[in-house]
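Breakdown of the fold
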Amino acid sequence: MANHRITLKINGEYEQVDVPSQMTLLQMLRDKLAFTGTKNGCNAGECGACTVLLNGEPVNSCMILAVECQGAEIVTVEGLAQDGVLDPVQQAIIDHGGVQCGFCTPGVLISARALINRNPHPTPDEISEALVGNLCRCTGYLRIVDAIQDAAARQESLAARL
Amino acid sequence: MSINAHPELPEFDYVRPATLMEASRFLAEHAGEARPLLGGTDIFVRMRDGFYHDKYLVDVKHLDSTDELSYDPQRGLKLGAGVNMNRVMASPMVQAHYALLAEACRSVASYQLRTRATIVGNICNASPAGDTIGACLVLGGVLNVHGVGGYRQEPLATFFRGPGKTVLQPGDIVTSIEFPPAPAGAAGVYIKLGRNTWSDLSIVGVTVYGYADAGRASGYRFQAALASVAPTPLLVPALEEHLASHPINAEAFRQAARLAQAACSPIDDVRGSARYRKAMVRTLTEKALQMTWKKLGN
Ligand SMILES: Cc1cc2nc3c(=O)[nH]c(=O)nc-3n(C[C@H](O)[C@H](O)[C@H](O)COP(=O)(O)OP(=O)(O)OC[C@H]3O[C@@H](n4cnc5c(N)ncnc54)[C@H](O)[C@@H]3O)c2cc1C
Ligand code: FES
Ligand code: FES
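Before going further, it helps to examine the overall build of chain A. A count of helices and strands for chain A gives 5 helices and 5 strands. Reading the secondary structure of chain A in the N-to-C direction produces β-β-α-β-β-β-α-α-α-α. Relative to the 2.2 N^0.38 estimate, which gives 15 Å for 162 residues, the radius of gyration of chain A is 16 Å and therefore close to what a compact globule would have. When the 162 residues of chain A are sorted by exposure, 52% land in the buried category. Within chain A, contacts between residues at least 6 apart in sequence are counted, and of these 53% link residues at least 24 apart. Total accessible area on chain A stands at roughly 7300 Å², and carbon and sulfur atoms take up 50% of it.

Below, the discussion takes up empty space enclosed by the protein. Residues and elements named next belong to chain B. In the structure shown here, the tally under the stated rule is 2 cavities of 30 Å³ or more. Around the largest cavity sit 13 residues that line it, and Gly130, Ile133, Gly134, Leu226 and Ala227 are the ones nearest its centre. Residue assignment for the lining of the largest cavity shows that the elements contributing at least two residues are helix H8 (133-138) and strand E13 (220-227). Split by residue class, the lining of the largest cavity holds 9 nonpolar, 3 polar and 1 charged.

It is worth spelling out the nonpolar core at this point. Residues A:Met28, B:Leu101, B:Ile119, B:Ile123, B:Leu156, B:Ile177 and B:Phe179 are the most contacted members of the largest nonpolar core, which totals 87 residues. Those residues in contact with B:Leu156 that lie beyond four places of it in its chain are B:Ile123, B:Ile133, B:Cys136, B:Leu137, B:Gly141, B:Val142, B:Leu143 and B:Ile177.

Let us now look at the sheet that holds E13(B). All names here are of chain B. Strand order in the open sheet made by the 4 strands is E11-E12-E13-E14, with antiparallel pairing throughout. Only two strands of the sheet have a single partner each, and these edge strands are strand E11 (187-193) and strand E14 (234-235). Direction of pairing for E13 relative to E14: antiparallel, over a ladder of 2 bridges. For alanine 225, the partnering residue across the bridge sits in E14 and is leucine 235. Contacts from helix H9 (residues 237-245) reach E13 and E14 within the one sheet, and its direction differs from that of E13 by about 160 degrees.

Going through the model one piece at a time under the given rule, you end up with 23 salt bridges over all chains. Here A:Asp18 and A:Arg5 are joined by a salt bridge, their closest N and O atoms 2.8 Å apart. Here the residue A:Asp18 occupies a position in strand E2 (residues 13-20), and A:Arg5 occupies one in strand E1 (residues 3-10), the gap between them amounting to 13 residues. A salt bridge links B:Asp269 to B:Arg271; the nearest nitrogen and oxygen atoms lie 3.9 Å apart. Several salt bridges share partner residues, and in doing so they unite A:Glu68, B:Asp59, B:Lys61 and B:Arg116 into one network.

Turning our attention to the interface of chain B and chain A. Taken residue by residue, the interface counts 30 residues in chain B and 33 residues in chain A. When chain B packs against chain A, the two sides together hide about 2600 Å² of surface, and 55% of this comes from carbon and sulfur. Ionic pairing is found between B:Lys61 and A:Glu68, a salt bridge with its closest N-O pair at 2.5 Å. Counting across the chain B and chain A interface gives 18 residue pairs in polar contact (both at pLDDT 80 or more). Listed by contribution, the elements that provide at least two residues to the side of chain B that touches chain A are strand E1 (13-15), helix H2 (43-48) and helix H6 (111-114) of chain B. Split into classes, the residues belonging to the side of chain B that touches chain A amount to 14 nonpolar, 8 polar and 8 charged.

Estimates place the volume of the second largest pocket at around 580 Å³. Contributing to the lining of the second largest pocket are 23 residues, with B:Lys61, B:Gly82, B:Asn84, B:Thr115 and B:Arg116 lying nearest its centre. Those elements that place two or more of their residues in the lining of the second largest pocket are strand E4 (57-60) of chain A together with helix H3 (85-90) of chain B. With 3 residues, the single largest contributor to the lining of the second largest pocket is H3(B). Of the residues belonging to the lining of the second largest pocket, the class tally is 6 nonpolar, 9 polar and 8 charged.

Residues and elements named next belong to chain B. Arg35, Thr41, Asp42, Thr118 and Asp131 are the nearest of the 38 residues found near ligand 1. Within the contact set of ligand 1, an oxygen atom lies 3.0 Å away from a backbone nitrogen or oxygen of isoleucine 43. Across the complex, the protein chains shield 94% of the 990 Å² of accessible surface that ligand 1 would expose by itself. Breaking the shell around ligand 1 down by element, the ones donating at least two residues are strand E2 (34-37), H2, helix H7 (119-125) and strand E10 (173-179). Top element by residues in the shell around ligand 1 is H7. It accounts for 4 residues. In terms of residue class, the shell around ligand 1 is made up of 20 nonpolar, 11 polar and 7 charged.

The next subject is the pairing of strand E4 (residues 69-72) of chain B. All names here are of chain B. Sheet topology note: the E4/strand E5 (residues 76-80) ladder contains 4 bridges and is antiparallel. Residue pairing for E5: serine 70 is matched across the bridge by lysine 78. Counting the residues between successive antiparallel strands, the hairpin from E4 to E5 contains 3 residues.

Scoring rules and cut-offs
- Residues numbered from 1 in each chain as written.
- Chains lettered and ligands numbered in written order.
- Predicted model: local features only at pLDDT ≥ 70, side-chain atom pairs only at ≥ 80, totals over all residues.
- Heavy atoms only, no water.
- Helix = DSSP H or I, 4+ residues; strand = E, 2+ residues; numbered from the N terminus.
- Rg over C-alpha atoms; globule rule 2.2 N^0.38 Å.
- Buried < 20%, exposed > 50% of the residue type's maximum accessible area, 1.4 Å probe, protein only.
- Contact = heavy atoms within 4.5 Å.
- Areas by Shrake-Rupley, 256 points an atom, 1.4 Å probe, with all protein chains shown as cover.
- 1 Å grid on protein atoms, 1.4 Å probe; cavity = no way out; pocket = protein on both sides within 12 Å on 5 of 7 lines; lining within 4 Å.
- Points joined across faces, edges and corners; volume = space filled by probe spheres on them.
- Nonpolar A, V, L, I, M, F, W, Y, C, P; charged D, E, K, R; others polar.
- Core = buried A, V, L, I, M, F, W, Y, C linked by side-chain atoms within 4.5 Å.
- Pairing = 2+ DSSP bridges.
- Axes fitted to C-alpha atoms, helices over the stretch in contact; angles between N-to-C directions.
- Salt bridge = Lys/Arg side-chain N within 4 Å of Asp/Glu carboxyl O.
- Buried area = accessible area lost by both parts, 1.4 Å probe.
- Polar contact = N/O pair within 3.5 Å; in protein donor to acceptor, adjacent residues only side chain to side chain.
- Near = heavy atom within 4 Å.

Here it is, written out as structure tokens:
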């Protein structure tokens, strides 16, 4: 079966990778490029642990072929922090105790970042709806929702100071 | 025996034709071992579960006008096959004129999944549970199909043949779906009964759409489509006829809901029994009619 050579940008860096047709974006990230922050929870589009940004929008990386990402820009959880400073969603989820086992956290952070990018003032209901595809079996979600709302507020006050 | 709960995809070849004709020819030449790929959110599940064994997946997302989302007051709405559900929901034109379509998309899976999932994929998958199909039916959707013989149109109302079965032939590629202009003041509702509020497949889905129509004795046209209660998504002409010819009131809605119940033929499965589904069709159809009536300003 044919291999495809693809070029894409991951967390700001260009990568050239040879992938077989059936390799998912998730497999490529974890097994070929060692971006193991992105998790495999169900491999079926249900749990959201594998969520990454594809051209700015969150996707389940287990439900996309790597070869479909030719020319695309991917951001994984490893790409959220900038110059050693955590993204506001990362800092807020730590401060609010929104991490227990941590398996869902990378996907939650990516969904949260995408939500705040498209909606800088999300309500708790909007946050819950944005997290429908991110299953967390530990926290009960309340602290996660609080953290995301706080992150949005912090980001705004940060922007106001710049 | 061990069960692999998280299987990887089996081997296949990903094919990305340069033109629609090339894609149609490839699909026709490899009938039975190739299928069109849009978001893949149905295909990959079925490949992992061992239901699909295709040797080729033919990506059609980038072809011709499959990326188009356009609206014209005279011609209506055109959604390219590759337009994902989040894009449909975010479109101001869809929100203004086809809010029912946005509401139906919103009930599908999760935000992440909808970045990939498409309405045309939902339709071509031909599951009786497809959540956007009811809205597409009552809105009068017509599919543009490209086959080895060129373009043709297929009305959605005669598109489905059974679970997973449609009128499409090898080589056929749905390139877009079009909807006629929506009547002024039209309103609709989609009620999805799942095991939880969000993201689950429906046990029963009821779509109702209505608008004032001077051409009918009652002064209104109402349509209903039912999901997960028959081998295909189901329009209910008996309901439409009843509400065209009887004064609109609570009793008319009750009787219309009984007609919807009589029209469906659900089965027992893991998500619900046939008996429960039948009861829910009646209850939810009546509720959807009342909600639509309210939205129409009554
Ligand atoms: C976790 C999860 C949750 C889901 N939840 C829901 C839900 O709540 N409601 C719901 O309705 N669905 C749900 N689905 C199913 C699926 O996401 C939808 O049916 C989706 O709309 C399919 O679109 P797609 O673009 O991904 O289609 P694809 O998977 O790419 O294709 C679907 C089928 O259509 C055929 N096809 C694709 N494109 C064309 C074309 N242009 N011409 C002809 N045939 C074509 C394919 O060969 C395939 O058989 C869910 C799926 C997952 C994985
Ligand atoms: S691993 Fe992708 S959604 Fe669960
Ligand atoms: S913290 Fe354990 S799954 Fe969310």
